[in-house]
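Coordinate inspection notes
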Amino acid sequence: MKNYKQIMLAGLLFSVALMGCSASAVQNQTAVDEAGKDQTASAVLFWREVELPVSYFISYEVSDSSGVVRTISRARDVEGNIYYQTENMELLFLMENGNYVRYNKVDGEFVRQDGEKYRLSYVEELTKDFDEYLDKAALTADGVSTLAGEEKIAGRTCDVYSVTVQFVNFEQTFRYSIDQETGVCLRLESEKNISGVEIDGEEGFSCVRFDTEEIDLRKEFTTNI
């Protein structure tokens with residue numbers, strides 16, 4: 001799979017600003033201390049380059065603003081076989097003579113869909129939701145981030161970073177738990193408040209499976225094939 005190059009995450013800061021106040025309010029109401037220094041905290045976030053292992057099985061539990069939890073997974077083994085699962089589909093792509101054969105989960109079993117064979121680009125397009133999610137998961141903080149310690153998630157050792165973003169009367173604090181070996185973010189939590197009042201219903205995610213060894217998708221999923 002592809003690497004994730006460093007690009008600035010302007011969209012995140014922009015969306016947070018929209019939640020907190022209007023653009024004009026941000027421009028006109030920035031707090032200034034007695035020394036004339038800007039007291040509005042700014043967190044500059046960059047994509048961190050993430051190198052996924054040759055074989056992996058990663059699953060996240062994701063919660064939305066209404067509290068609904070869903071699971072999204074993707075796996076790849078050393079043969080190049082790929083597994084993908086979301087709340088509304090479950091797919092398996094098995095290598096055959098350098099291309100992929102697609103299997104869909106039907107009534108609890110994977111069923112070959114047709115005689116077509118597909119290129120890797122087709123598989124990447126079909127599973128791109130996970131790539132977009134990995135883009136979010138690849139966040140690391142630079143600037144006003146604070147290294148808050150370490151924790152274990154899904155058996156992996158993570159550095160925990162805390163980042164606070166403020167816009168006038170709006171404040172949001174993000175906690176990123178980043179795998180020390182791969183740079184993948186395994187947990188994102190956030191808290192926000194307006195004028196000191198905490199707002200519930202935050203989105204977030206947490207990794208529930210991160211395996212890099214002994215991944216054999218044929219053995220795990222193809223007992224019926």
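These figures come from a predicted structure and were not determined experimentally.

Some points on the nonpolar core
Among the nonpolar cores identified, the biggest contains 33 residues, and Ile58, Tyr60, Val184 and Leu186 are the most heavily contacted of them. Secondary structure elements with two or more residues in this core: β2 (56-63), β4 (82-86), β5 (89-96), α4 (128-137), β10 (156-167), β11 (170-179), β12 (185-194) and β14 (204-211). Setting aside residues no more than four positions away along its own chain, Ile58 makes contact with Leu52, Ile72, Ser73, Arg74, Phe130, Cys207, Arg209 and Phe210. With 11 residues, the next largest nonpolar core counts Leu94, Val101, Tyr103 and Ile215 among its residues.

What about the packing of aromatic side chains?
Under the counting rule described, the total for this entry stands at 11 aromatic pairs. On the numbers, 5.6 Å between centres and 35° between planes, the contact of Phe57 with Tyr83 is tilted. On the criterion of sequence distance, the pair formed by Phe57 in strand β2 and Tyr83 in strand β4 is long-range, its members being 26 residues apart. Each member of the pair Phe57 and Tyr83 is classed as buried. Of the aromatic side chains, those joined through ring pairs into one cluster are Phe57, Tyr83, Phe110 and Phe221. Its end group placed over the ring of Phe210, Arg156 keeps NZ or CZ at 4.3 Å from the ring centre. Sitting above the plane of the Phe57 ring, Arg209 keeps its charged end 3.6 Å from the centroid.

Overview of unusual backbone geometry
Residue Asp107 is not a glycine yet carries a positive backbone phi of 50°. Tracing the sequence through the fold places Asp107 in the loop between β6 (99-106) and β7 (109-112). Judged by relative accessible area, Asp107 falls into the exposed class, the value being 81%. Despite not being glycine, Glu214 has its phi angle at roughly 55°, a positive value.

Details of the pattern of salt bridges
For the structure on display, the rule yields 13 salt bridges. Glu90 serves as the salt-bridge partner of Lys105, at 3.4 Å between the closest nitrogen and oxygen. Of this pair, Lys105 sits in strand β6 while Glu90 sits in strand β5, and the two are 15 residues apart along the sequence. Residue Lys105 is classed as partly exposed on the basis of its relative accessible area, which comes to 32%. Glu220 is the salt-bridge partner of Arg209, the closest N and O atoms lying 3.3 Å from each other. Of the two residues, Arg209 sits in strand β14 while Glu220 sits in helix α5 (residues 217-221), which places them 11 residues apart along the sequence. Overall, Glu220 belongs to the partly exposed group, its relative accessible area being 37%. Among the charged side chains, a network of salt bridges with common partners joins Glu96, Arg112 and Lys117.

What counts and what doesn't
Residues numbered from 1 in each chain as written. Predicted model: local features only at pLDDT ≥ 70, side-chain atom pairs only at ≥ 80, totals over all residues. Heavy atoms only, no water. Core = buried A, V, L, I, M, F, W, Y, C linked by side-chain atoms within 4.5 Å. Buried < 20%, exposed > 50% of the residue type's maximum accessible area, 1.4 Å probe, protein only. Helix = DSSP H or I, 4+ residues; strand = E, 2+ residues; numbered from the N terminus. Contact = heavy atoms within 4.5 Å. Phe/Tyr/Trp six-rings, centres within 6.5 Å; stacked < 30°, edge-to-face > 60°. Lys NZ or Arg CZ within 6 Å of the ring centre and 35° of its normal. Salt bridge = Lys/Arg side-chain N within 4 Å of Asp/Glu carboxyl O.

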